[in-house]
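Here are the chains, one letter per residue:
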Amino acid sequence: MKLPNGYGSITKLKGKRRNPYVVRITTGKDQDGYLIRTVLGYYPSYTKASEALADFNRDPFDVTNQKLTFTDVYKAWVLTNEYQKLSASAKKQYGTAYNDYELLHLKSFCKIKIPDMQMCIDLCNSGYTARRFMKNLASKLYQYALRQEYVKENKAEHLQIGSPSTVQKEKVPYSDDEIDVLWKHKDDEIVKLILIYIYTGVRCNELLNLKKENLHLDDQWFDVIESKTKAGVRPVPIADVIVPLFRYFVGKSHCSYVFTTSDKGNTKYRDDWWRRKQKETLAALGMQHTTHEARHTCITQLTVHDVNPSVIKEIVGHKAAKSFTERVYTHVYMKTKIEAVNKIHTT
């Protein structure tokens, strides 16, 4: 059947193809008055091609916009005032969320389906906050695309990210074999620090912010004077095996902090720098763990070796509710704590 003039055309291409029917439309005229024809799309059947052409004629759109990929829309949004007003931390989180959508980067934004985005979110195992930023990013991209009239709806509204309690990433402690591997590479400075985290169970910045004045190495303990919780402010025991590791860092430091990065020893470790170096070092050793999993390893090891729960809470600074006995036994002698961390697996 002949289609009306100016309506568009449907042609079947030769050869074996998954989508042999090509739809072309007229998008204007060139400077010589000749029609400019643009491919609308390729379809598996004449019926599908007819439906696409009919949809276009009912509500014409800019075909070039249909070719914009997920990455194109993201890069355009990054240039907006909305993005520029975000904090550095938020920009970093959205950048991570964009990377988590890697499977969609080269896909036409207008053709992305809700299940496509949901699959990327479901594959993300970095926890609830990461999934929330993924949904927020998708929503912001769709809001931008709506303003530009690239799309007609915000598909991100239908994405499911679960609740904080159901999406929390499982904490995986270091195995004994992995701890053995770390000890074999203890000459590496980053490995030294990972081992200290495992044997002390401290939170990330509780260690990085440690000053020499709060370290009592001869007595094998140090003071955490700032923490995210009240219970976190505490004395922390130092196991026998990591005393030499502490001595190494004290020996190279030429400032008030124990842990320094530069050769001159006058620059303290930064949280973001440490996390990046830790990830790189562990990857080279075939491992994947977070600093918090080192803390989780300490708690797991102490539990496996039947250390009294009240002693464990004292060591790691847990704010969990205490039993009557634990409330009475509010202070554990440092000798008992050192004996406890000495039970953690060693080669």
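Before going into details, it helps to say that this report is about the structure given with it. (Residues numbered from 1 in each chain as written. Predicted model: local features only at pLDDT ≥ 70, side-chain atom pairs only at ≥ 80, totals over all residues. Heavy atoms only, no water.)

A tally of helices and strands in the chain yields 17 helices and six strands. When burial is assessed residue by residue, the chain has 44% of its 347 residues classed as buried. In the chain, once contacts between residues fewer than 6 apart in sequence are set aside, the share between residues at least 24 apart is 58%. When the accessible surface of the chain is summed, it comes to about 19,900 Å², and 51% of that surface belongs to carbon and sulfur atoms. (Helix = DSSP H or I, 4+ residues; strand = E, 2+ residues; numbered from the N terminus. Buried < 20%, exposed > 50% of the residue type's maximum accessible area, 1.4 Å probe, protein only. Contact = heavy atoms within 4.5 Å. Areas by Shrake-Rupley, 256 points an atom, 1.4 Å probe, with all protein chains shown as cover.)

Okay, the packing of aromatic side chains next. Two descriptors summarise a pair of aromatic rings, namely the distance from one centre to the other and the angle between the planes of the rings. Using the criterion set out here, one finds 19 aromatic pairs in the structure. These aromatic residues form a ring-pair network of at least three members: Phe 70, Tyr 74, Trp 77, Tyr 83, Tyr 94, Tyr 98, Tyr 101, Phe 109, Phe 133 and Tyr 142. The ring of Tyr 248 carries Lys 192 above its face, with NZ or CZ at 4.6 Å from the centroid. When the ring centre of Tyr 257 is taken as origin, the NZ or CZ atom of Lys 268, which lies over that ring, is 5.3 Å away. (Phe/Tyr/Trp six-rings, centres within 6.5 Å; stacked < 30°, edge-to-face > 60°. Lys NZ or Arg CZ within 6 Å of the ring centre and 35° of its normal.)

Moving on: the nonpolar core. Grouped together as the largest cluster of nonpolar side chains are 49 residues, with contacts concentrated most on Leu 193, Phe 222, Phe 246 and Phe 259. Counting residues in hydrophobic clusters, the runner-up holds 33 residues, among them Met 134, Leu 137, Tyr 144 and Val 151. (Core = buried A, V, L, I, M, F, W, Y, C linked by side-chain atoms within 4.5 Å.)

Their axes nearest at 11 Å, the elements helix 3 (residues 70-78) and helix 5 (residues 88-100) cross at an angle of 170 degrees. As far as their axial angle goes, helix 5 and helix 3 are roughly antiparallel. Contact residues: Phe 70, Thr 71, Tyr 74 and Trp 77 in helix 3; Tyr 94, Gly 95 and Tyr 98 in helix 5. In the contact of helix 3 with helix 5, the residues fall into five nonpolar, two polar and no charged. (Axes fitted to C-alpha atoms, helices over the stretch in contact; angles between N-to-C directions. Parallel < 35°, antiparallel > 145°, perpendicular 65-115°, else oblique. Nonpolar A, V, L, I, M, F, W, Y, C, P; charged D, E, K, R; others polar.)

So, on to the environment of Gly 162. Tracing the chain through its elements places Gly 162 in the loop between helix 7 (128-147) and helix 8 (164-167). Given the relative accessible area of 47%, Gly 162 is considered partly exposed. Spatially, the C-alpha atoms of Gly 162 and Asp 122 are 9.6 Å apart, while their sequence positions differ by 40 residues.

Moving on to helix 9 (residues 176-184). Along helix 9, the positions that sit buried rather than exposed are Glu 178, Ile 179, Asp 180, Leu 182 and Trp 183. Where the residues of helix 9 are buried, they touch helix 10 (189-200), helix 12 (243-252), helix 13 (271-284) and helix 14 (291-304).

Once that is clear, we can look at the sheet that holds strand 6 (residues 234-237). Hydrogen bonds between backbone atoms are what pair the strands of a sheet, whose relative direction is either parallel or antiparallel. Taken together, the three strands give an open sheet; going across it, the order is 4-5-6, and neighbouring strands pair in antiparallel fashion. Of all strands in the sheet, those with a lone pairing partner are strand 4 (215-216) and strand 6, marking the two edges. The sheet contact formed by strand 4 and strand 5 (residues 221-224) spans two bridges and is antiparallel. Within the sheet, the bridge partner assigned to His 216 lies in strand 5 and is Trp 221. Contacting strand 5 and strand 6, helix 17 (residues 334-341) runs over the sheet at an angle of about 45 degrees to strand 6. (Pairing = 2+ DSSP bridges.)

Take the packing of helix 5 against helix 7 next. The N-to-C vectors of helix 5 and helix 7 enclose an angle of 85 degrees; their axes lie 9 Å apart at closest approach. Compared by their axis directions, helix 5 and helix 7 come out roughly perpendicular. Residues Ala 90, Gln 93, Tyr 94, Ala 97, Tyr 98 and Asp 100 of helix 5 form the contact with helix 7, whose participating residues are Thr 129, Phe 133, Met 134, Asn 136, Leu 137 and Lys 140.

Here we come to the pattern of salt bridges. Within the structure shown, the criterion is met by ten salt bridges. The partner of Lys 252 in a salt bridge is Glu 189, with the nearest N and O atoms 3.0 Å apart. Taken together, the residues span a long stretch of sequence, with Lys 252 in helix 12 and Glu 189 in helix 10 at a distance of 63 residues. Look at Lys 252 and you get buried, because its relative accessible area is 16%. We note a salt bridge from Glu 206 to Arg 203, for which the minimum N-O separation is 2.8 Å. We note that Glu 206, like Arg 203, is buried. (Salt bridge = Lys/Arg side-chain N within 4 Å of Asp/Glu carboxyl O.)

A word on a nonpolar patch on the surface. Judged by side-chain polarity, Leu 103, Met 119 and Leu 123 come together as a nonpolar surface patch covering roughly 320 Å² of accessible area. Looking at the element boundaries, Leu 123 is found in helix 6 (residues 114-123). (Patch = residues over 30% accessible without salt bridge, like charges linked within 9 Å, V, L, I, M, F, W, Y side chains within 5 Å.)

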